Amino acid sequence: DGRIVAEVRPYVHAVGHCMRCGTVVEPRLSLQWFVKVGPLAKAAGDAVRDGRVEIHPGEMAARYFAWVDDMHDWCISRQLWWGHRIPVWYGPDGQVRCLGPGEQPPAGEGWRQDPDVLDTWFSSALWPCSTLGWPDDTEDLRVFYPTTVLVTGYDILFFWVARMMMFGLYAMSHREPAQAVPFRHVALHGLVRDSHGKKMSKSLGNTVDPLDWIGRFGADATRFTLARGASPGSDVSVSEEWVTGSRNFCNKLWNATRFALLNGAQVPAQAPDQAGLPTAARWILSRLAAVIAETDDLFERYEFGKICDTLYHFAWDEVCDWYLELAKPQLSGADEAAAQATREVLGYVLDRLLKLLHPVMPFVTEELWTALTGGDSVMIAPWPGQRPSASGSTGPAYHDPAAEAEITALMRLVTEVRRFRSDQGLRPAQPVPANLGGIGGTVLAPHEPSIRALLRLTVPGGGFAPTATLVAERVTVELDTAAGIDVAAERRRLEKDLAAARKEAEQTERKLANDSFLAKAPADVVAKTRDRLAAAHADIDRITGRLAALPGDSLGAERRAGGSGGASPRAGTAQGDA
């Protein structure tokens, strides 16, 4: 027709290959089996809409409805090597027979079964009932169907959850609607990703063998790491740093229980009576009660990540870091009654803490709980707060706001002084003479021995000359740091830090004075730069103050030479406003 081919180019494109023989797949129309899903999908949607099944988190329900409300007929046949064969038989005279539950294949010559297998999700959709003996009316099916909760990833909400709903409601349609659903709750967690947030993939080489982690860090540390990251509907980024921290937490629990056992801790037959207990004991019992209530609420909402965080911080930050230290004076004191009360409170707290941790850390808690209590197994022990007393109640409702406020004030004071000691270059275990001025007029007066023990503060003798002072919680803490540090070495260290802070201030000031940077940089970058400048000026003022507080020269020459940062506060403010 007169047209000329100007150029021929090779074109590379994807071509499917048969997984059986490796030859090129040539697509063609073939007979496939479909399921009419309209009535099934409507029933699955209604079960969630009328509250028979709840989806957690609730916002995932919209995605569920988007699937079931617009579901097309389902192609259930697959041309694979493995799987359940489609229960369709073809006869010698063109007959087609689909077998129902319990029906036997047709007898006689010439009958053959369809070679295709069922779609994976078709087979697994029957899991809630088939694992309990369905289609037979078994005792397990009567007792355990419907199950309580399905925990799975949000990525198979359509592929598995919706189909279990459809098939469960169909297979058990002879029951009342509330008893036909396959489960009461669906708790959806996220995907496990690598430390950079990428989906784990063999091709990327970023997968983790859980058996390797279990061998290196322990099963409990691996389990706790995954549970701690399991926020509803959110993906989990895991790394070795996470599981290492979980292993350290297991060690912390082990050492805390070992300390308690070495000091004769025991779980009392009756809950401790708050009357007459030291403030620290009343505080930890009040905090324990709050943590039990919070954990119960989080379990009801399937917030496994928050459960782990709550128990982690309570166990490490409050029980181990504070209560064990506050309990040591009573345990080693001459007052046997106070020591025995402390042993019982310590045993009571650890007993309940180990029970709370057992679902997310089963092996370590089993070992520690049986050693602490002598019981058979924590798995069959009553859940905290659920042991009825003789009167029918569940025990004392520990709630002591006064004790909590008192110990919180103590914690703030100790934390502030520890930070100050660190700033002064004092080692944590180094005894320092100190005077606690005004403590007698505060709620902390009864805790002075504990405060001194926690901070390694000794009672000053004659000729006490404080070299550093701070005020916290209405207590004036005067310390004699002269004998505690190498003044020359500390001055050199602080001067090095001061030079680094000044350099940071100069660099950020130059950047903020650049109109081009302010015009082109994103607003959040500019804001972060201004924050860096403010932080640098704060460091300069803080370090200069520490240098001035050191014995000897008070940096008069330094101030005369250049002030506090090479640029006036006014100049810094003007640039920040720019």
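Here the structure is a predicted model, which is why all the values come from computation and not from measurement.

(A) Representation of the confidence of the model for the protein chain within the structure. Residues with a pLDDT of 70 or more make up 92% of the protein chain, whose mean pLDDT is 88. Between the elements of the protein chain, mean pLDDT differs from a low of 32, seen in helix α21 (residues 569-577), to a high of 98, seen in helix α14 (residues 362-373). Across residues 387-394 the pLDDT falls below 50, and counting only partners more than four positions away or on other chains, this stretch makes nine contacts in the model. Low confidence marks residues 553-578, where pLDDT is under 50. Its contacts with residues over four positions away, or in another chain, come to 28 contacts.

(B) Here's a closer look at the side chain of S77. By the secondary structure assignment, S77 is in strand β4 (residues 77-78). Assessed through its relative accessible area of 2%, S77 is described here as buried. Among the polar contacts made by the side chain of S77, one reaches the side chain of Q32 at a distance of 2.5 Å. Here the side chain of S77 touches W33 through a polar contact of 3.1 Å, landing on its backbone nitrogen. If near-sequence neighbours (up to four positions away) are discounted, S77 is found in contact with Q32, W33, I86, D116 and V117.

(C) Representation of the environment of A180 within the structure. Relative to the assigned elements, A180 resides in helix α7 (residues 177-180). Ignoring any residue separated from it by four or fewer positions in sequence, one finds A180 in contact with Y145, G168, L169, M172 and R175.

(D) Quick peek at the pairing of strand β10 (residues 183-189). Burial within β10 is extensive, with five of its seven residues counted as buried. Examined bridge by bridge, strand β2 (residues 54-56) and β10 share three bridges and lie parallel to one another. Looking at the pairing, I55 lines up with V186 of β10. As judged from the six bridges shared by strand β9 (residues 147-153) and β10, these two strands associate in the parallel manner. Within the sheet, the bridge partner assigned to T152 lies in β10 and is L188.

(E) Fine view of α14. Taking 1.5 Å of rise per residue, twelve residues should cover 16 Å, and α14 covers 16 Å from first to last C-alpha, within 8% of that figure. For α14, every residue scored as buried is listed here: P362, V364, T365, L368, W369 and L372. Taken down its axis, α14 places every buried residue within 160° of arc, on the same side. Residue G374 follows α14 closely and has a positive phi angle near 75°.

(F) Representation of the layout of surface pockets within the structure. Computed from the structure, the largest pocket encloses a volume of approximately 940 Å³. If you go around the largest pocket, you meet 27 residues; those closest to its centre are P87, L99, F122, L126 and W134. Sorting the residues of the lining of the largest pocket by element identifies β1 (34-35), α3 (120-124) and α6 (157-171) as the ones contributing at least two each. Considering each element in turn, the lining of the largest pocket owes the most residues, three residues, to α6. Residue composition of the lining of the largest pocket, by class: 19 nonpolar, six polar and two charged.

(G) Inspection of the packing of helix α15 (residues 401-423) against helix α16 (residues 448-455) at higher detail. Orientation of α15 relative to α16, taken along the N-to-C sense of each, is 30°, at an axis distance of 10 Å. Classified by the interaxial angle, the pair formed by α15 and α16 is roughly parallel. The hand of the α15/α16 crossing is right-handed. Here L410, L413, V414, V417, R418 and R421 of α15 come into contact with α16, specifically with I451, L454 and L455. A class-by-class count of the residues in the contact of α15 with α16 yields seven nonpolar, no polar and two charged.

(H) Focus on the packing of aromatic side chains. Applying the stated criterion across every chain, the model contains 15 aromatic pairs. For the pair F158 and F159, a centre-to-centre distance of 5.4 Å together with 65° between the ring planes defines the contact as edge-to-face. Taking 4.8 Å as the distance between ring centres and 50° as the angle between the ring planes, the aromatic pair formed by F249 and Y312 counts as tilted. Linking F249 in helix α10 (residues 240-262) with Y312 in helix α12 (residues 304-332), this pair joins segments that are 63 residues apart in sequence. Here F249 matches Y312 in class, with each residue buried. Through pairs of rings, three or more aromatic residues link up here, namely W67, W121, F158 and F159. Above the face of the F158 ring, R163 is positioned so that its terminal group lies 4.3 Å from the ring centre.

(I) Molecular detail of the environment of L132. Mapped onto the fold, L132 is located in the loop between α4 (127-130) and α5 (139-144). Through-space distance from the C-alpha of L132 to that of D539 is 67 Å; in sequence the pair is 407 residues apart. Not counting residues up to four positions away in its chain, the partners in contact with L132 are T138, D140, L141, F144 and Y145.

(J) Fine view of a nonpolar patch on the surface. There is a patch of nonpolar side chains on the surface, built from M19, W81 and W82 and spanning about 430 Å² of accessible area. When you line up the elements, W81 lands in the loop between β4 and β5 (88-90). Assessed through its relative accessible area of 57%, W81 is described here as exposed.

(K) Layout of the pattern of salt bridges. For the structure shown, the criterion picks out 25 salt bridges. Note that E240 and R216 form a salt bridge whose closest N and O atoms lie 2.9 Å from each other. Pair noted here: E240 is in helix α10 and R216 is in helix α8 (residues 210-217), with a separation of 24 residues, a long-range link. Note on E240: relative accessible area 34%, which makes it partly exposed. Among the ionic pairs, R228 bridges to D309, the shortest N-O distance being 2.6 Å. With R228 in helix α9 (residues 219-228) and D309 in helix α12, the pair connects residues that are 81 residues apart, well separated along the chain. Exposure remark for D309: the relative accessible area of 30% places this residue in the partly exposed category.

(L) Representation of unusual backbone geometry in the model. In this model, H56 is joined to P57 through a cis peptide bond whose omega is -5°. Following W134, the chain continues into P135 via a peptide bond in cis, with omega recorded as 15°. Inspection of the secondary structure assignment puts P135 in the loop between α4 and α5. A positive phi angle, close to 60°, is found at Y302, a residue other than glycine. In this fold, Y302 is placed in the loop between α11 (279-300) and α12.

What counts and how
Residues numbered from 1 in each chain as written. Predicted model: local features only at pLDDT ≥ 70, side-chain atom pairs only at ≥ 80, totals over all residues. Heavy atoms only, no water. pLDDT = per-residue confidence, 0-100. Helix = DSSP H or I, 4+ residues; strand = E, 2+ residues; numbered from the N terminus. Contact = heavy atoms within 4.5 Å. Buried < 20%, exposed > 50% of the residue type's maximum accessible area, 1.4 Å probe, protein only. Polar contact = N/O pair within 3.5 Å; in protein donor to acceptor, adjacent residues only side chain to side chain. Pairing = 2+ DSSP bridges. Expected span 1.5 Å × (residues − 1). Arc of directions from axis to C-beta. 1 Å grid on protein atoms, 1.4 Å probe; cavity = no way out; pocket = protein on both sides within 12 Å on 5 of 7 lines; lining within 4 Å. Points joined across faces, edges and corners; volume = space filled by probe spheres on them. Nonpolar A, V, L, I, M, F, W, Y, C, P; charged D, E, K, R; others polar. Axes fitted to C-alpha atoms, helices over the stretch in contact; angles between N-to-C directions. Parallel < 35°, antiparallel > 145°, perpendicular 65-115°, else oblique. Left-handed = near helix turned anticlockwise from the far one by under 90°. Phe/Tyr/Trp six-rings, centres within 6.5 Å; stacked < 30°, edge-to-face > 60°. Lys NZ or Arg CZ within 6 Å of the ring centre and 35° of its normal. Patch = residues over 30% accessible without salt bridge, like charges linked within 9 Å, V, L, I, M, F, W, Y side chains within 5 Å. Areas by Shrake-Rupley, 256 points an atom, 1.4 Å probe, with all protein chains shown as cover. Salt bridge = Lys/Arg side-chain N within 4 Å of Asp/Glu carboxyl O.

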